[in-house]
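Here is what each chain is made of, one letter per residue.
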Amino acid sequence: MPLKYQAPRGTRDLLPEEIGRWQWAEARARGVLERYSYAEIRTPEFEEFDLFARTSGETSDVVQKEMYRFRDLKGRDLALRPEGTAGVCRAYLERNLAARGRVHKLWYLGPMFRYGRPQKGRFRQFFQVGAEIIGTPAAAADVEMVTLFVDLFRAWGFAGLTVALNSVGTPATREEYARRLREWLAPVRERLSADSQKRLEVNPLRVLDSKDEGDRALLEGRAGAGGALPRMLDVLDPESRAHWEQVLAGLAALDVRCEIDHGLVRGLDYYTRTAFEVHDRSLGAQSALGGGGRYDGLIEALGGPPTPGVGFSIGLDRVLLALEDRAVTPPAAAPRVFVAGMEETHAEVAALARALRAEFVVDYDFEARSLSTQLKAADRGGARVAVLLGAEEWGRGEVLLRDLATKAQRAVPRGEIAAQLRAMLGSAPEVSAR
RNA sequence: GUGGAUGUAGCUCAGCCGGUAGAGCACUGGACUGUGGCUCCAGGUGUCGCGGGUUCGAACCCCGUCAUCCACCCCA
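Everything quoted here is computed from the prediction, not taken from an experiment.

S.K.: Would you take a moment to explain the overall build of chain A for this structure?
M.R.: Along the backbone of chain A there are 15 helices and 16 strands. Expected size for 434 residues packed as a compact globule is a radius of gyration near 22 Å; at 29 Å, chain A overshoots this value by more than 25%. Expressed as a percentage of its 434 residues, the buried residues of chain A come to 47%. When contacts within chain A are restricted to residue pairs at least 6 apart in sequence, those whose partners lie at least 24 apart make up 68%.

S.K.: Looking at this model, I keep getting lost on the sheet that holds strand β8 (residues 258-260). Mind explaining?
M.R.: Within a sheet, neighbouring strands are paired by backbone hydrogen bonds and run either parallel or antiparallel to one another. Spatial strand order, β1-β5-β6-β11-β10-β9-β7-β8: 8 strands in an open sheet with mixed pairing. Every interior strand has two partners, whereas the edge strands, β1 (39-40) and β8, have only one. The pairing of strand β9 (residues 272-279) with strand β10 (residues 288-294) spans 6 bridges and is classified as antiparallel. If you follow F276 over to β10, its bridge partner there is G292. Where helix α4 (residues 85-94) meets the sheet, its contacts fall on β5 (104-113) and β6 (125-134), and the angle it forms with β6 comes to roughly 45°.

S.K.: What exactly am I supposed to notice about the pattern of salt bridges here?
M.R.: Two side chains with opposite charge may pair up if their charged atoms get near one another. Summed over the entire model, instances satisfying the criterion amount to 20 salt bridges. Across the pair R69 and D77 runs a salt bridge, and its minimum N-O distance is 2.7 Å. Of the charged contacts, one joins E359 and R422 as a salt bridge, the two residues approaching to 2.6 Å between their closest N and O atoms. Here E359, found in the loop between α12 (346-356) and β13 (361-364), pairs with R422, found in helix α15 (residues 417-425); they are 63 residues apart in sequence, far enough to count as distant. Given the relative accessible area of 35%, R422 is considered partly exposed.

S.K.: So what exactly am I meant to see when it comes to the domain arrangement of chain A here?
M.R.: For an interface, size is often stated in terms of accessible area lost upon the parts coming together. What the domain assignment reports for chain A is domain 1 (16-169 + 236-325) and domain 2 (336-425). For domain 1 and domain 2, the distance between their C-alpha centroids amounts to 50 Å.

S.K.: I tried to follow helix α6 (residues 171-185) on my own but got confused; where do I start?
M.R.: In an α-helix, one turn spans 3.6 residues, which is why side chains three or four residues apart end up on the same side. With 15 residues, α6 extends 21 Å between its outermost C-alpha atoms, agreeing within 8% with the 21 Å of an ideal straight helix rising 1.5 Å per residue. The set of residues buried in α6 consists of T173, R174, Y177, A178, L181, W184 and L185. The buried residues of α6 occupy one face: seen down the axis, they fall within an arc of 140°. Relative to its buried face, α6 has exposed residues pointing more than 90 degrees away, namely A172, E175 and E183.

S.K.: I'm lost on the packing of aromatic side chains in this one. Help?
M.R.: How two aromatic rings sit relative to each other is set out by the distance from centre to centre and by the angle between their planes. This model, assessed by the stated rule, comprises 9 aromatic pairs. Pairing F46 with F70 gives two aromatic rings, centres 6.0 Å apart and planes at 70°, and the pair type is edge-to-face. Here F70 lies in strand β3 (residues 69-71) and F46 lies in strand β2 (residues 46-48), a separation of 24 residues in the sequence. A relative accessible area of 30% places F70 in the partly exposed class. The structure contains a cluster of three or more aromatic residues connected by ring pairs, namely F149, F153, W156, F158, F276 and F312.

S.K.: It is not clear to me how the confidence of the model for chain A should be interpreted in this structure. Could you clarify?
M.R.: Parts of the prediction with low pLDDT should not have their coordinates interpreted in detail. Put simply, chain A has an average pLDDT of 88, and 94% of its residues get 70 or more. Across chain A, element-level confidence peaks in β1 with a mean pLDDT of 98 and bottoms out in helix α3 (residues 61-65) with 76. With pLDDT under 50 throughout, residues 428-434 is counted as low confidence; its partners more than four residues away or in other chains account for 15 contacts. Interface confidence in the predicted complex, given as ipTM, is 0.84; pTM for the same model is 0.89.

S.K.: In this structure, what is going on with the packing of helix α2 (residues 49-56) against α4? I would like to understand it.
M.R.: Between two packed helices, both the angle of their axes relative to each other and the distance between the axes serve to describe the pair. Where α2 meets α4, the axes come as close as 10 Å, and the angle between the chain directions of the two elements is 110°. Taken together, the axes of α2 and α4 are roughly perpendicular relative to one another. On α4, the residues touching L51, F52 and T55 of α2 are A86, G87 and R90. A breakdown of the residues in the contact of α2 with α4 according to their chemical character gives 3 nonpolar, 2 polar and 1 charged.

S.K.: How do you make sense of the protein's contact with RNA strand B when you look at a structure like this?
M.R.: Near RNA strand B you find 52 residues, and of these K120, A288, R318, L404 and K407 are the closest. Backbone atoms, meaning sugar and phosphate, form 55% of the atoms of RNA strand B found within 4 Å of the protein. Interatomic distance of 2.9 Å between a side-chain N/O atom of Q128 and a sugar or linking oxygen of RNA strand B. Here a phosphate oxygen of RNA strand B and a side-chain polar atom of R380 are 2.9 Å apart. Listing elements by their share of the surface near RNA strand B, those giving two or more residues are α3, β6, α7 (194-202), β10, β11 (309-315), α13 (371-380), α14 (391-395) and β15 (398-403). Within the surface near RNA strand B, the residues separate by chemical class into 14 nonpolar, 15 polar and 23 charged.

S.K.: Is there a simple way to explain the nonpolar core in this structure?
M.R.: The tendency in soluble globular proteins is for nonpolar side chains to be buried as a group. Counting residues in hydrophobic clusters, the biggest one holds 46 residues, and the most contacted among them are L148, L152, F153, W156, F312 and I314. Elements represented by at least two residues in this core include exactly α1 (16-35), β6, α5 (139-155), β7 (163-167), α9 (238-253), β9, β11 and α11 (316-324). In this view, F153 contacts F158, L161, V278, L289, I314 and V319; residues no more than four positions away in its chain are not counted. V63, A86, L97 and L268 belong to the second-largest nonpolar core, a separate cluster that totals 27 residues.

S.K.: Looking at this structure, how should I read unusual backbone geometry?
M.R.: A negative phi holds for most residues other than glycine; trans holds for most peptide bonds. In the Ramachandran plot, D255 falls in the positive-phi region, its phi being about 65° despite a non-glycine side chain. Within the fold, D255 resides in the loop between α9 and β8. You will see that K407, though not glycine, has its phi angle at about 70°, which is positive.

Conventions we followed
- Note on numbering: residues in each chain are counted from 1, in written sequence order.
- Following the order in which they are written, the chains are lettered starting with A and the ligands numbered starting with 1.
- Given that the model is predicted, a residue must reach a pLDDT of at least 70 before its local features are reported, and side-chain atom pairs must reach 80 or more before they are shown or counted; all residues, however, enter totals for whole chains, interfaces and linings.
- The side-chain figures draw on all heavy atoms in the structure; neither hydrogens nor water molecules are used.
- Strands are runs of DSSP state E lasting at least 2 residues, helices are runs of H or I lasting at least 4, and numbering of each runs from the N terminus.
- As a reference, a globule follows 2.2 Å times the number of residues to the power 0.38, and the radius of gyration itself is taken over C-alpha atoms.
- Under the scheme applied here, a residue whose accessible area is under 20% of the maximum for its type counts as buried, over 50% as exposed, and between as partly exposed, the area being computed with a 1.4 Å probe on protein chains only.
- By definition, residues are in contact when any of their heavy atoms lie within 4.5 Å.
- Strands pair, by our definition, only if DSSP identifies at least two bridges between them.
- Axis lines are fitted to C-alpha atoms, over the contacting stretch for helices. Their N-to-C directions set the angle, which ranges from 0 to 180 degrees.
- Whenever Lys or Arg places a side-chain nitrogen within 4 Å of a carboxyl oxygen from Asp or Glu, that contact is recorded as a salt bridge.
- In this document the domain limits rely on a domain assignment from an automatic tool or a database.
- Expected helix span is given by 1.5 Å per residue-to-residue step, counting one fewer step than there are residues.
- Within this analysis, the arc is defined by the directions that extend from the helix axis to the C-beta atoms.
- In this scheme Phe, Tyr and Trp rings, the latter by its six-membered ring, pair at centre separations within 6.5 Å, and the angle between planes marks the pair as stacked below 30 degrees, edge-to-face above 60, and tilted otherwise.
- Looking at any residue, its pLDDT shows the predictor's confidence there, from 0 to 100.
- Roughly parallel refers to an angle under 35 degrees, roughly antiparallel to one over 145, roughly perpendicular to one between 65 and 115, and oblique to any angle outside these ranges.
- Three classes are used, and their members are as follows: Ala, Val, Leu, Ile, Met, Phe, Trp, Tyr, Cys and Pro are nonpolar, Asp, Glu, Lys and Arg are charged, and the others, Gly among them, are polar.
- Neighbouring residues are identified by heavy atoms, a residue being near a molecule or strand if any of them is within 4 Å of it.
- As used in this structure description, the phrase polar contact means that two N or O atoms lie within 3.5 Å; if the pair is within protein, one of them must be able to donate a hydrogen and the other to accept it, and residues adjacent in sequence are counted only when both atoms belong to side chains.
- Working definition of a nonpolar core: buried Ala, Val, Leu, Ile, Met, Phe, Trp, Tyr and Cys residues. They are joined through side-chain atoms within 4.5 Å.

Right, dumping it as structure tokens:
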């Protein structure tokens, strides 16, 4: 069909039939976050372009080619947020949250925007839920972050996901590591893929997670690059190493299963020390469900005092995509009541429905169609009970209550409708059960 | 941003070397304005993604464009 308007590329409509899954996932997340004692924060969906350029790194792909950047009518240089951390840290500084207590535990949920080529699990507008602990360098905060991270996935019903964990040290150790890596790769440089040769110039650490098979063979030493591949963990400064050991010990004490991944590098420049992420194989190429880590230099880079932070974000679109393949019970639909009128009583339907709506989920037919059509509509709408306003019964001050599943039907005095419905439907149902 | 595949009814899909719209399901109304799921009848089921070109003639061939999917890049 030749439609004049389509949703912009990479965006989509979430229709009523799938909204239930989203609300369920969001409610689950909210519950876990609140029990962990995190406070929700909502920041603007667009910010000054420079905020993201500064925090993500001028040379990062996100800033270079994936930003929805625009000027407003006054010429301000703005961008739709590509991630959540920058805005939260900006708010922390601008609203001086530090004055209300040193450590803040915050969470957010909302749409993010990146201009990439869409594919399965990658959209230009997508939703993230994330959490941050700002104000403490303690390894215990890293431990809680990873724990909260896995508990969210558990609340959604994931089983057997493994968190990949690494330390990316400090900017100085990263530089040292990049130097060693470059050195190590120098002899085989010509044999690296074209992409990786470019990475070696721009961001050597990126070579580590190349998907090219030849690259992988070289990295794993099978192609004879000689000597063991240098590891990030081997070049950590003493403080970062101690921090790393504490994180590992803390996670072990809580029985949180992690796998050390020496190739784990984060895409954004502001990460320091702990880095973690989780993937799901059912998703194809875009398999990252979420990731996070420590960002001790970020707030200072925004012009604030040196303030440590640690956080993560999770892609909700991908979570729901991965959950499609699994047996997830959708939230139970609220039991519904359908009020059906006859020729003589149609005028009474709206008022009765409105009264019952104080307590029940109630619907009726706007068009006063035949009784059989109304019952058909009641069926399709998922109603469990029909309230039939028969002319004769109505005249006696009664209505008929019909159980649509069993077809059992009986006359009930008008004053007892609510009580009878309560009995039939089970105690007062919540509109959004679960 | 790069490479490849695919766009026909609301959905899932047919349509031989170019010859003038198809099936199932769903949907709407009626048979049936005092009783729903069944059945029957009647029906929208459509500029064959959009634009241009070749041709007497294009759903089919060519070019462009938009969208989706897959992979790369990157990431959630």
